[in-house]
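Single-letter residue listing:
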Amino acid sequence: MIESADHVGFDCYSEDFNNCGGYSQLEYASWLYDSILDHQKIFLIAGSFLSNGFFKMQDIDKINLQLEQTFDLYNNYKNIASGIGIFSWESIDNSIIGAYNIPTLKNKIEELLK
């Protein structure tokens, strides 16, 4: 852990909030929380894209649910979470399509940000 960092985080891109490399994102957040220093806060990063390549994210409903769960995590732990970043990336070859080109994902993000 970098002691001078004010914000620390992790990213995990999966359709299942509770199975990120075999562990729940809550478990990862707990491990991170156990490692942070008094002045540090956790910055949450939610994936919001479709991919049929390396990242297996093809079900919009599951991705929307994961976005909701990330926002719930933030709202329940604002004392240790500093914010949420939405990772919406798009590849040149269209194997990854970002939320800004998927109306249902874009709308879900806008709804959650209200």
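About the criteria used
- Residues numbered from 1 in each chain as written.
- Predicted model: local features only at pLDDT ≥ 70, side-chain atom pairs only at ≥ 80, totals over all residues.
- Heavy atoms only, no water.
- Helix = DSSP H or I, 4+ residues; strand = E, 2+ residues; numbered from the N terminus.
- Polar contact = N/O pair within 3.5 Å; in protein donor to acceptor, adjacent residues only side chain to side chain.
- Contact = heavy atoms within 4.5 Å.
- Pairing = 2+ DSSP bridges.
- Right-handed = clockwise from strand over helix to strand, strands pointing away.

If you trace the backbone, K108 turns up in helix 3 (residues 103-113). At 2.5 Å, the side chain of K108 and the side chain of E68 are in polar contact. Apart from residues no more than four positions distant in its own chain, K108 is found in contact with N64, L67 and E68.

It is worth spelling out the pairing of strand 2 (residues 41-47) at this point. By the bridge criterion, 2 bridges tie strand 1 (residues 7-8) to strand 2 in an arrangement that is parallel. When the bridges of strand 2 are listed, V8 appears paired with I42. Running through helix 1 (residues 25-35), the crossover from strand 1 to the neighbouring parallel element strand 2 is right-handed. Examined bridge by bridge, strand 2 and strand 5 (residues 81-87) share 6 bridges and lie parallel to one another. The residue bridging G47 from the neighbouring strand is F87, located in strand 5.

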